[in-house]
Amino acid sequence: MATRLSKAEKKIAYDARLCKLLEEYSQILIVAADNVGSNQLQHIRAGLRDHSIVLMGKNTMMKRSIRLHAERTGNRDLLNLIPLLQGNVGMIFTKGDLKEVSDEVSKHKVAAPARVGLVAPIDVVVPPGNTGLDPSQTSFFQVLNIPTKINKGTVEIITPVELIKKGDRVGSSESALLSKLAIKPFSYGLIVMSVYENGSVYSPEVLDLTEDDIATKFLEAVSRVASLALSIRYPTIAAAPHFFINGYKNVLSFAVATEYSFSQADKVKEYLKDPSKFAAAAAPAAAARAAPVAAAKEEKKEEPAEESDDDMGLSLFD
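The structure presented is a predicted model; accordingly, all values stated were derived computationally and were not measured. (Residues numbered from 1 in each chain as written. Predicted model: local features only at pLDDT ≥ 70, side-chain atom pairs only at ≥ 80, totals over all residues. Heavy atoms only, no water.)

Next up on the list: the sheet that holds strand E6 (residues 129-130). Across the sheet, three strands lie side by side as E6-E8-E7; this open sheet has antiparallel pairing. Bordering the open sheet on either side are E6 and strand E7 (148-151), each of which pairs with just one other strand. Here E7 runs beside strand E8 (residues 154-157); their pairing, made up of four bridges, is antiparallel. Bridge pairing links asparagine 151 to threonine 154 in E8. (Pairing = 2+ DSSP bridges. Helix = DSSP H or I, 4+ residues; strand = E, 2+ residues; numbered from the N terminus.)

Right, let's get into the pairing of strand E3 (residues 89-94). Consecutive side chains along a regular strand alternate between the two faces of the sheet. In terms of residue burial, E3 counts as a mostly covered element, since six of its six residues are buried. Side chains Val89, Met91 and Phe93 of E3 all project onto a buried face; the interleaved residues Gly90, Ile92 and Thr94 project onto the opposite face, where all are buried too. One ladder, built from five bridges, connects strand E2 (residues 52-56) with E3; its direction is antiparallel. Bridge pairing in E3 links leucine 55 to methionine 91. (Buried < 20%, exposed > 50% of the residue type's maximum accessible area, 1.4 Å probe, protein only.)

Before going further, it helps to spend a moment on the layout of surface pockets. Approximately 220 Å³ is the volume attributed to the largest pocket. Lining the largest pocket are Lys7, Lys10, Lys11, Ile12, Tyr14, Asp15, Lys58, Thr60, Met61, Arg64 and Ser65. Among the secondary structure elements, those contributing two or more residues to the lining of the largest pocket are helix H1 (7-24) and helix H3 (59-73). The element contributing the most residues to the lining of the largest pocket is H1, with six residues. Looking at the lining of the largest pocket residue by residue, the classes come out as three nonpolar, two polar and six charged. When its volume is computed, the second largest pocket comes out at roughly 180 Å³. (1 Å grid on protein atoms, 1.4 Å probe; cavity = no way out; pocket = protein on both sides within 12 Å on 5 of 7 lines; lining within 4 Å. Points joined across faces, edges and corners; volume = space filled by probe spheres on them. Nonpolar A, V, L, I, M, F, W, Y, C, P; charged D, E, K, R; others polar.)

Let's shift gears to the packing of helix H8 (residues 240-257) against helix H9 (residues 263-273). For the pair H8 and H9, interaxial distance at closest approach is 10 Å and the crossing angle is 50°. Judged by the inter-axis angle, H8 sits oblique to H9. Every pair of crossing elements has a handedness; the one defined by H8 and H9 is right-handed. Together, Tyr248, Leu252, Ala255 and Val256 of H8 and Gln264, Ala265, Val268, Lys269 and Leu272 of H9 make up the contact between the two elements. Residues of the contact of H8 with H9, tallied by class, amount to seven nonpolar, one polar and one charged. (Axes fitted to C-alpha atoms, helices over the stretch in contact; angles between N-to-C directions. Parallel < 35°, antiparallel > 145°, perpendicular 65-115°, else oblique. Left-handed = near helix turned anticlockwise from the far one by under 90°. Contact = heavy atoms within 4.5 Å.)

What follows covers the packing of helix H7 (residues 211-232) against H8. Any two packed helices are characterised by the angle at which their axes cross and by the distance between the axes. Two elements in contact, H7 and H8, have axes separated by 9 Å at closest approach and are oriented at 45°. With respect to H8, the axis of H7 lies oblique. Contacts between H7 and H8 involve Ala226, Ala229 and Leu230 on the former and, on the latter, His242, Phe243 and Asn246. Counted by class, the contact of H7 with H8 contains four nonpolar, two polar and no charged residues.

Time to look at the nonpolar core. In this structure, Phe141, Ile146 and Leu163 are the most contacted members of the largest nonpolar core, which totals 21 residues. For this core, the elements supplying multiple residues, two or more each, are strand E5 (124-126), E8, strand E9 (161-164), helix H6 (172-180) and strand E10 (186-188). Take this core: its biggest share by element is three residues, from E9. Those residues in contact with phenylalanine 141 that lie beyond four places of it in its chain are Thr131, Leu133, Ile146, Thr148, Val155, Ile157, Leu177 and Leu181. (Core = buried A, V, L, I, M, F, W, Y, C linked by side-chain atoms within 4.5 Å.)

This is how it looks when you write it as structure tokens:
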């Protein structure tokens, strides 16, 4: 028969396990576990078993173990985890893809009734339609100011009604009505609050960014750097092309206004002396642009001719 560990021995075993995980894993998801039952947690653990470990515990114990482990190993980055351990939270240690792990965690949600006193995580709207309740139950709807009518011996809700707003506490009347309508408006599961990766901490929304999103944000940042550099006349790699182009424009303007010239300015001066050359140079380009358009129009004209015989194709049957 296995001997039961004392409270002190359990703390020592928990500390040893947490420290071992901190050494082996560099990626950790901090998850909120409000209203998550033990059976639901088992299903989540089973879904993550191949590449991740879910560890729950008291915040004070987790903080103490992390602080002492950081001091022993000199890994000060682990201290970034301590401010994240607020409320009913746990940690998921993983070596897998963080996006895939986060998606797997979000799959395991369980529908739950609106119990009295709960703070609503979402707006609760009662849809219109037949409730299946007999007319004696109309008192519930009257208390909550829900418009109803009697249809074929049952109560029918006429219009959708916002019964509970997000952040409000569920009252006894709302809870009783939703129970009678068999509506479970809430769903609970582990919610990823923060991501720890190799000492850095960031929001889980970052995991949803695609390569296109990252490229777009990078280009936006480069554009801002270039704009700032140009406005304060500070040379940067991002602004260098603009500085060169602006410098060329300034030198070209000076060359056009004076007798000074250089090879790149000679052609511009030549066109300015004889503007008709602009038209001559533009003609081939215009013709090249017009050719595909003309070809497309010609194809459109030819298509009906191929199908428009006077005999409407009846000659095929001669």
